[in-house]
Amino acid sequence: MAEKAVIVVQARMSSTRLPGKVMLPILNKSLLFRMIERLQMIRHKAQIVVAIPEDDSAEDVIEQEALQMNVACYRGSLNNLLDRHYQVAKKYEADIVLKIPSDCPLIDPQIIDQVLDFYYAHPGEYDFVSNLHPATFPDGNDVEIMTMACIEKAWNEATRPLELEHTTPYIWENPEKFRIGNVIWDAGLDYSMSHRFTIDYEADYRFIKRVFEELYPEKPDFSCADILNLLNNEPEIYNINAQYAGVNWYRNHIGELKTISAEQTKVTFS
């Protein structure tokens, strides 16, 4: 019997740097709509669940958006994202859980399939497979796969705030406890610090909006390669948010993460 895969898309309206970013408009639809649309393009079968904070009416708009797309919505802990993912996994009887955050609206469906292909090609060999340790794809193509046993073990044992907030650090910080696999970009390149396809700042929104406007009308399932071709042809698009390339959440935890070095994040930026 095939393993049931559940994609958990964590989202909230109360983003500190760009509030309400998941509901910003992209070609007359929300950014969240465009991202879910891309997740639905993957070849593998998976259930998508949007996971939002509980007890906050400001989040109702996200729930309504998910339901309009016939996508399940779960409300859970605001700050304990590990618990939010685990409870979704239990509720929807997942065998494997994919963590794909809502700040990745340009994620390439083919890259998701590539990471799933690797996991499925090695049955029973891995507890955790991602394309982030080390990362090689352009930032914003984040895929992390956990078995149910893996996320349950992390949920039972993780205690540090950063482990709870970011869901998976306990796993990849403890390779002696988990069998960990990683998928690198088959192009042989590493654009993880040079190309930013994720959203955290207003410039990121302008970049993502422009990419959709340029590529989506002709090819709704545009790929990472299509984006890179666009940026090569129109470098002014790349420059919209280039100042934030390499900026990620690691910068706030250098010294706390034993498997992450200062070279894997930009600490200072204008």
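Remember, predicted model here, so these are calculated numbers, not experimental data.

Calculation rules
- Residues numbered from 1 in each chain as written.
- Predicted model: local features only at pLDDT ≥ 70, side-chain atom pairs only at ≥ 80, totals over all residues.
- Heavy atoms only, no water.
- Phe/Tyr/Trp six-rings, centres within 6.5 Å; stacked < 30°, edge-to-face > 60°.
- Helix = DSSP H or I, 4+ residues; strand = E, 2+ residues; numbered from the N terminus.
- Buried < 20%, exposed > 50% of the residue type's maximum accessible area, 1.4 Å probe, protein only.
- Lys NZ or Arg CZ within 6 Å of the ring centre and 35° of its normal.
- Contact = heavy atoms within 4.5 Å.
- Polar contact = N/O pair within 3.5 Å; in protein donor to acceptor, adjacent residues only side chain to side chain.
- Salt bridge = Lys/Arg side-chain N within 4 Å of Asp/Glu carboxyl O.
- 1 Å grid on protein atoms, 1.4 Å probe; cavity = no way out; pocket = protein on both sides within 12 Å on 5 of 7 lines; lining within 4 Å.
- Points joined across faces, edges and corners; volume = space filled by probe spheres on them.
- Nonpolar A, V, L, I, M, F, W, Y, C, P; charged D, E, K, R; others polar.
- Pairing = 2+ DSSP bridges.
- Axes fitted to C-alpha atoms, helices over the stretch in contact; angles between N-to-C directions.
- Core = buried A, V, L, I, M, F, W, Y, C linked by side-chain atoms within 4.5 Å.

**Student:** So what's going on with the packing of aromatic side chains? Residues and values would help.
**Tutor:** Geometry of an aromatic ring pair is reported as the spacing of the ring centres plus the angle between the planes. This model, assessed by the stated rule, comprises ten aromatic pairs. Geometrically, the ring pair formed by F197 and F207 is stacked, given 5.9 Å between the ring centres and 20° between the ring planes. Pair noted here: F197 is in the loop between β9 (180-182) and α8 (202-215) and F207 is in helix α8, with a separation of ten residues, a long-range link. For F197, a relative accessible area of 0% gives the class buried. With 5.2 Å between their ring centres and 80° between their planes, F212 and F222 make a pair best called edge-to-face. Of the two residues, F212 is situated in helix α8 and F222 in the loop between α8 and α9 (224-233); the sequence distance between them amounts to ten residues. A connected cluster of aromatic rings, assembled from ring pairs, spans F137, W185 and Y191. Above the plane of the ring of F33 lies K29, whose end atom (NZ or CZ) is 4.8 Å from the centre. The residue whose ring lies beneath R34 is Y216, and the NZ or CZ to ring-centre distance is 4.6 Å.

**Student:** Before we move on, can you summarise α9 with the specific residues and values?
**Tutor:** Owing to its 3.6 residues per turn, the α-helix aligns residues three or four sequence positions apart on the same side. Listed in full, the buried residues belonging to α9 are C224, D226, I227, L228, L230 and L231. Against α4 (109-121), α8 and α10 (235-238) lie the buried residues of α9. One side-chain oxygen of the residue at the start of α9 lies 3.3 Å from the amide nitrogen of A225, identifying that residue as S223.

**Student:** Any details on the pattern of salt bridges? Residues and values, ideally.
**Tutor:** If you walk through the whole model with that rule in mind, you get 20 salt bridges. The partner of K99 in a salt bridge is E144, and the shortest N-O contact between them spans 3.6 Å. Taken together, the residues span a long stretch of sequence, with K99 in strand β6 (residues 96-99) and E144 in strand β8 (residues 144-147) at a distance of 45 residues. Through salt bridges with shared partners, a single network forms among R210, E214, E234 and E236.

**Student:** Give a detailed account of the layout of surface pockets, specifying residues and quantitative values.
**Tutor:** Taken as a whole, the largest pocket encloses approximately 1200 Å³ of empty space. Lining the largest pocket are 47 residues, and of these Q10, P101, D103, H166 and W249 sit closest to its centre. Taken together, the residues that form the lining of the largest pocket break down as 16 nonpolar, 17 polar and 14 charged.

**Student:** Before we move on, can you summarise the pairing of β8 with the specific residues and values?
**Tutor:** The two faces of β8 match: E144 and M146 on one face and I145 and T147 on the other face are all buried. Across four bridges, β6 lies against β8 in antiparallel orientation. Looking at the pairing, I96 lines up with T147 of β8. As judged from the three bridges shared by strand β7 (residues 128-130) and β8, these two strands associate in the antiparallel manner. Residue pairing for β8: V129 is matched across the bridge by I145.

**Student:** So what's going on with the sheet that holds strand β1 (residues 5-10)? Which residues, and what values?
**Tutor:** The strand order across the open sheet built from seven strands is β5-β4-β1-β6-β8-β7-β9, with neighbouring strands paired in mixed fashion. Of all strands in the sheet, those with a lone pairing partner are β5 (72-76) and β9, marking the two edges. Going across the sheet, the axis of each strand differs from the next one's by a mean of 25°, ignoring polarity. Where helix α2 (residues 60-68) meets the sheet, its contacts fall on β4 (47-53) and β5, and the angle it forms with β5 comes to roughly 155°. Packed on one face of the sheet, helix α5 (residues 148-157) meets β6, β7 and β8 and runs near 90° to β8.

**Student:** So what about the nonpolar core? Which residues, and what values?
**Tutor:** Within the largest apolar cluster, 33 residues are counted, with the highest numbers of intra-cluster contacts made by L39, V50, L98 and I112. Put simply, the parts of the chain that give this core at least two residues each are β1, α1 (31-39), β4, α2, β6 and α4. Residue contributions to this core peak at five residues, all from α1. Apart from the residues lying within four places of it in its own chain, the contact partners of V50 are V9, A11, I36, I62, A66, V71, A72, C73 and Y74. In this structure, V97, I151, Y170 and L257 belong to the second largest nonpolar core, which totals 28 residues.

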